[in-house]
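Below are the chains, spelled out letter by letter.
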Amino acid sequence: LTPFSVSEDTRSTWQGKAGRSPLQALYDSDQFERSSLQAVHQQRRELLSNVCSRLTRKRRLLQPHDLRHLVVDDAHGLLYCYVPKVACTNWKRVMMVLTGQGKYQDPLEIPAHEAHVPSNLRTLSEYSVAEINYRLRSYLKFVFVREPFERLVSAYRNKFTLSYNTAFHKRYGTKIIRRHRQEPSDRALERGDDVRFDEFVYYLLDPRTQQEEPFNEHWERVHSLCHPCIIHYDVVGKYETLAEDANYILQLVGADTSVRFPASSKTTRTTDNMTAQFFQDISPFYQRRLFNLYKMDYLLFNYSIPSYLRIR
């Protein structure tokens, strides 16, 4: 595929089962009374649109690789841009139930690793340009976001502090330790399994990192994964309101009432207080630089500067 542009404004052309646009569906549907939740989602869309128009001067063309995170459900007319560390395993499980033609009944019966097997779900990048444009115009598009530094600490904890993630330790940990630790031990250089959070921060801010390759999807910025200033999302769900937003989307597309979004486990979840602890040992200089790296996500999705940062 060659670079292409979205052929029409994708904000208001989704045709649901009753032939209405997403905005009409949000306000006119018999399923919904006018609710505070609808107002919240309209505010999120408007804020996103305003920030995009203020901060993006030139509308660039989409490349096929820009669409690898957009999962397609042709049966329900649904496009989901998955963001790692924002309940994406459970959303992929739900998408497998929605697209599985009865093969799967309960999302939680699908093993986590199976949800991430690429062949189990189709992405928009696999379609022709005409098919891509049709789906961008016609399907309901949604994305889920999370407080950026909370998501970043969650990625660090998952990929660098758990013993079973040896692939990440070898792939990234050894490089981080080699470049950002003074006098590393031979064991650390070989195994890469004891990366400190401050070393991870130095790695993210090192100009060589992005010169060599794009960020890994687990710490890549949402705006770089899902392109919300080019693709106009009908629903911007938030991790902080996950259950309500997930239920809202499933109702909007007319999913079978037996399809439920899994209740989240709170036991190991990265919280704001936990995130603050990780930033205690990061100097104000590096806090500010890291905030600037993720600033666009803060602005686009209306997250405040964390109170624990010493950058004011």
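The coordinates are above.
The sections below set out a description of the structure shown in this document. (Residues numbered from 1 in each chain as written. Predicted model: local features only at pLDDT ≥ 70, side-chain atom pairs only at ≥ 80, totals over all residues. Heavy atoms only, no water.)

Turning next to the side chain of Asp-297. Here Asp-297 shows up in helix H14 (residues 284-300). Comment: no salt bridge for buried Asp-297; closest opposite-charge side chain is Arg-151, at 4.8 Å. Side-chain polar atoms of Asp-297 contact the backbone nitrogen of Val-222, separated by 2.7 Å. A distance of 3.1 Å separates a polar atom in the side chain of Asp-297 from the backbone nitrogen of His-223. (Helix = DSSP H or I, 4+ residues; strand = E, 2+ residues; numbered from the N terminus. Buried < 20%, exposed > 50% of the residue type's maximum accessible area, 1.4 Å probe, protein only. Lys, Arg positive; Asp, Glu negative; His and termini not counted. Salt bridge = Lys/Arg side-chain N within 4 Å of Asp/Glu carboxyl O. Polar contact = N/O pair within 3.5 Å; in protein donor to acceptor, adjacent residues only side chain to side chain.)

What follows deals with the environment of Ser-224. Assignment of secondary structure puts Ser-224 in helix H11 (residues 222-226). Classification of Ser-224 as partly exposed rests on a relative accessible area of 26%.

One recurring pattern in soluble globular proteins: nonpolar side chains tend to sit buried together. Counting residues in each nonpolar core, the largest one holds 90 residues, and the members touching the most others are Trp-91, Phe-149, Phe-200, Leu-204, Trp-219, Leu-290 and Tyr-294. A total of 7 residues in this core trace back to one element, the largest contributor, which is helix H3 (residues 88-99). Formed jointly, this core draws a minimum of three residues from each of two domains, domain 1 (22-147 + 221-253) and domain 2 (149-218 + 270-301). If we ignore the near neighbours within four places in the chain, the residues touching Phe-149 are Thr-275, Phe-279, Leu-290, Phe-291, Tyr-294, Tyr-298, Pro-306, Tyr-308 and Leu-309. (Core = buried A, V, L, I, M, F, W, Y, C linked by side-chain atoms within 4.5 Å. Domains from an automatic or database assignment. Contact = heavy atoms within 4.5 Å.)

What follows covers the layout of surface pockets. For the largest pocket, the calculated volume is near 920 Å³. Together, 32 residues line the largest pocket, and Lys-85, Ala-87, Thr-89, Ser-154 and Asn-158 are the ones closest to its centre. Secondary structure elements with two or more residues in the lining of the largest pocket: H3, helix H4 (112-115) and helix H6 (148-160). Taken together, domain 1 (22-147 + 221-253) and domain 2 (149-218 + 270-301) each give at least three residues to the lining of the largest pocket, which thus spans both. (1 Å grid on protein atoms, 1.4 Å probe; cavity = no way out; pocket = protein on both sides within 12 Å on 5 of 7 lines; lining within 4 Å. Points joined across faces, edges and corners; volume = space filled by probe spheres on them.)

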